[in-house]
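# Structural description and commentary
One letter stands for each residue in the lines below.
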Amino acid sequence: MKEAPECYVIDNSIIVALDKAGKEGAIQIIKELGRKVWGYKLGALLLRYGPSLIDEIKANVGSVNLFVDLQFTGVEDFIMEAITAYSLYSTDISYIVVNASAGPPGIRRAVESAKLTRILVGSVLDSLSPYDVKYMYGTNFPEEKTLDFALMAKQEGAHGIYCSVRDLEFLSRHAKLRDFTKIVYGVRPEWDQDHGTHAHVMTPKEVMERGATKFVIGSTIRNAKNKIRAVERIIREVQKAKQR
């Protein structure tokens, strides 16, 4: 596996999802939080404003770890062009997500094309109904398909899997995946009962106890009146899990 160092080593596991904040809101959140969190996830905002948004972030707030979630998929040449373009665009980009539907050749090409960037494989969407999962993957158990995708990702040299909290414990029990990077979404602390669009939710403490490497969290921090205090509360919850 090609190893790429994290751009900035931050001693916590929090990735703040910024898409729903809008461009100005996203920049303001980064200004406020800086490196108090591990980094920031960008997806739809990059589709709207292009990679020049990364330049705007750097110009306004300096360098921070970025997680690019555009779920790239397609033929190998497209994957190569997309990953090369983003991995060379900014050394602030620590992770890029490639969708599992790219298959072994696409994932392999993504890993080969990444420069100072780590490749994650995006798995079965949390929003799919049991009927959707059965129709698309031929199984009633999305965790089983995520396991297949995680093993494929590891086999092809990807750095980790990006998946729902629903799948985390199932993956962590597999001997080959215990040390494999697992970044999850669907995380809410107990004091935030707004689960948004997530069908499955766990607390920061629960995901760390179940083997998550890092986790993405959005509205809990985005909508907080005091964002620094919200981050501090989440960090304390994670620290409790690590002390066990």
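For clarity, every value in this text was computed on a predicted model and none was experimentally measured.

## A word on the layout of surface pockets
By rolling a water-sized probe across the atoms, one finds the places where empty space is left. Volume-wise, the largest pocket comes out at about 660 Å³. Around the largest pocket, the lining is made up of 28 residues, and of these K41, Y162, Y185, T197 and H198 lie nearest the centre. In terms of residues, the lining of the largest pocket owes the most to one element, strand β6 (residues 160-164), which gives three residues.

## Here we look at unusual backbone geometry
Backbone geometry at Q71 places phi at a positive 50°, although glycine is not the residue there. Assignment of secondary structure puts Q71 in strand β3 (residues 65-72).

## So, the sheet that holds β3
Overall, parallel pairing links the eight strands, which are arranged β1-β2-β3-β4-β5-β6-β7-β8 in a closed barrel. Going from strand to strand, the sheet's axes swing by 25° on average, the running direction of each strand aside. With five bridges connecting them, strand β4 (residues 93-99) and strand β5 (residues 118-122) associate as parallel partners. Within the sheet, the bridge partner assigned to Y95 lies in β5 and is R118. Along the sheet face, helix α4 (residues 76-89) touches β3, β4 and β5 and points at about 165° away from the line of β3.

## Some thoughts on the pattern of salt bridges
Counted by the stated rule, this structure contains 11 salt bridges. Across the salt bridge formed by K41 and D69, the nearest N and O atoms sit 3.4 Å from each other. A residue pair is termed long-range when its members are at least 10 positions apart, and K41 in strand β2 (residues 39-42) and D69 in strand β3 qualify at 28 residues. As far as burial versus exposure is concerned, K41 and D69 are alike and both buried.

## Quick notes on the nonpolar core
Among the nonpolar cores identified, the biggest contains 66 residues, and I14, Y40, V207 and F215 are the most heavily contacted of them. Counting 11 residues, the second-largest nonpolar core is a separate cluster that includes A17, Y95, L120 and V216.

## Regarding the environment of D92
Secondary-structure assignment places D92 in the loop between α4 and β4. With 30 residues separating them in the primary sequence, D92 and G62 have C-alpha atoms 9.7 Å apart. Among the polar contacts listed, one links the side chain of D92 to the side chain of S63, at a separation of 3.4 Å.

## A look at helix α7 (residues 142-155)
Between the first and last C-alpha of α7 there are 20 Å, a value that for 14 residues agrees with the 20 Å anticipated at 1.5 Å per step. Among all positions of α7, only P142, T146, L147, F149, A150, M152 and A153 are buried. After α7 finishes, the residue G157 shows a positive phi value of roughly 90°.

Definitions and limits used
- Residues numbered from 1 in each chain as written.
- Predicted model: local features only at pLDDT ≥ 70, side-chain atom pairs only at ≥ 80, totals over all residues.
- Heavy atoms only, no water.
- 1 Å grid on protein atoms, 1.4 Å probe; cavity = no way out; pocket = protein on both sides within 12 Å on 5 of 7 lines; lining within 4 Å.
- Points joined across faces, edges and corners; volume = space filled by probe spheres on them.
- Helix = DSSP H or I, 4+ residues; strand = E, 2+ residues; numbered from the N terminus.
- Pairing = 2+ DSSP bridges.
- Axes fitted to C-alpha atoms, helices over the stretch in contact; angles between N-to-C directions.
- Contact = heavy atoms within 4.5 Å.
- Salt bridge = Lys/Arg side-chain N within 4 Å of Asp/Glu carboxyl O.
- Buried < 20%, exposed > 50% of the residue type's maximum accessible area, 1.4 Å probe, protein only.
- Core = buried A, V, L, I, M, F, W, Y, C linked by side-chain atoms within 4.5 Å.
- Polar contact = N/O pair within 3.5 Å; in protein donor to acceptor, adjacent residues only side chain to side chain.
- Expected span 1.5 Å × (residues − 1).

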